[in-house]
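# Observations on the model geometry
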Amino acid sequence: MIDVNQLLEIPLFSGIVFLIVGGIMYLFPPKKPNIFYGYRTTRSMNSLAAWKFSQKHAAIKTIQVSIVLLIISLAGNWYTFTEISTNIVGTCTLISAIIYLFVSTELALKIKYPNKKL
């Protein structure tokens, strides 16, 4: 049986994955829009300048989100959660982190490149 009070598993594992992906994106950003790798939205692929900006911004936000997820995962050491509440808290935290990542990057793109048509 898994002891759910040790760590919140969803934020822990997703935080590790986000940290690795954010680090790779920051150190090795894709040079041009492609279908395989990078922060790919309509707004980010609008121009090469927007693409380069969004890759750097998304990488930094991904690393920030990963740190928050890892800190939240430590909450299991101080608080007692049931298995269901652990899953709910972990899933809501992960969904919130992903929404924050996309919204903050899209807003930054909209501010930096306001006149670009979609």
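The text that follows walks through the structure, step by step, so that each part is easy to find.

## Remarks on the nonpolar core
Among the nonpolar cores identified, the biggest contains seven residues, and these are Met25, Tyr39, Ala50, Ala58, Ala59, Leu109 and Tyr113. For this core, the element with the most residues is helix 2 (residues 48-73), which contributes three residues. In contact with methionine 25, other than residues within four places in its own chain, are Tyr37, Gly38, Tyr39, Gln55, Ala58 and Ala59.

## Section: the packing of aromatic side chains
Scanning all chains against the criterion turns up two aromatic pairs. Their ring planes at 40° and their centres at 5.4 Å tell us that tyrosine 39 and phenylalanine 102 sit as a pair that is tilted. Here tyrosine 39, found in the loop between helix 1 (9-27) and helix 2, pairs with phenylalanine 102, found in helix 3 (residues 83-112); they are 63 residues apart in sequence, far enough to count as distant. On the accessibility criterion, tyrosine 39 (6% relative accessible area) is buried.

## Let's talk about a nonpolar patch on the surface
Judged by side-chain polarity, Phe13, Ile16, Ile20, Ile24, Tyr26, Leu27, Phe28 and Ile60 come together as a nonpolar surface patch covering roughly 800 Å² of accessible area. Here the nonpolar patch takes six residues from helix 1, the largest share from any one element. Inspection of the secondary structure puts isoleucine 60 in helix 2. A residue is classified by how much of its surface remains accessible, and isoleucine 60, at 34% relative accessible area, is partly exposed.

## With respect to the pattern of salt bridges
Tallying each qualifying case throughout the model produces one salt bridge. One salt bridge in this structure joins glutamate 106 and arginine 43, with 3.3 Å as the shortest N-O distance. Here glutamate 106, found in helix 3, pairs with arginine 43, found in the loop between helix 1 and helix 2; they are 63 residues apart in sequence, far enough to count as distant. Among the residues examined, glutamate 106 registers a relative accessible area of 21% and is labelled partly exposed.

## A short note on the layout of surface pockets
One simple way to see leftover space: roll a probe sized like a water molecule over the atoms. What the largest pocket holds in volume is close to 180 Å³. Around the largest pocket, the lining residues are Val17, Phe18, Val21, Met25, Gly38, Tyr39, Arg40, Thr41, Ala58, Thr62, Leu101 and Phe102. Where the lining of the largest pocket is concerned, the elements lending two or more residues are helix 1, helix 2 and helix 3. Considered class by class, the residues forming the lining of the largest pocket number eight nonpolar, three polar and one charged.

Conventions adopted
- Residues numbered from 1 in each chain as written.
- Predicted model: local features only at pLDDT ≥ 70, side-chain atom pairs only at ≥ 80, totals over all residues.
- Heavy atoms only, no water.
- Core = buried A, V, L, I, M, F, W, Y, C linked by side-chain atoms within 4.5 Å.
- Buried < 20%, exposed > 50% of the residue type's maximum accessible area, 1.4 Å probe, protein only.
- Helix = DSSP H or I, 4+ residues; strand = E, 2+ residues; numbered from the N terminus.
- Contact = heavy atoms within 4.5 Å.
- Phe/Tyr/Trp six-rings, centres within 6.5 Å; stacked < 30°, edge-to-face > 60°.
- Patch = residues over 30% accessible without salt bridge, like charges linked within 9 Å, V, L, I, M, F, W, Y side chains within 5 Å.
- Areas by Shrake-Rupley, 256 points an atom, 1.4 Å probe, with all protein chains shown as cover.
- Salt bridge = Lys/Arg side-chain N within 4 Å of Asp/Glu carboxyl O.
- 1 Å grid on protein atoms, 1.4 Å probe; cavity = no way out; pocket = protein on both sides within 12 Å on 5 of 7 lines; lining within 4 Å.
- Points joined across faces, edges and corners; volume = space filled by probe spheres on them.
- Nonpolar A, V, L, I, M, F, W, Y, C, P; charged D, E, K, R; others polar.

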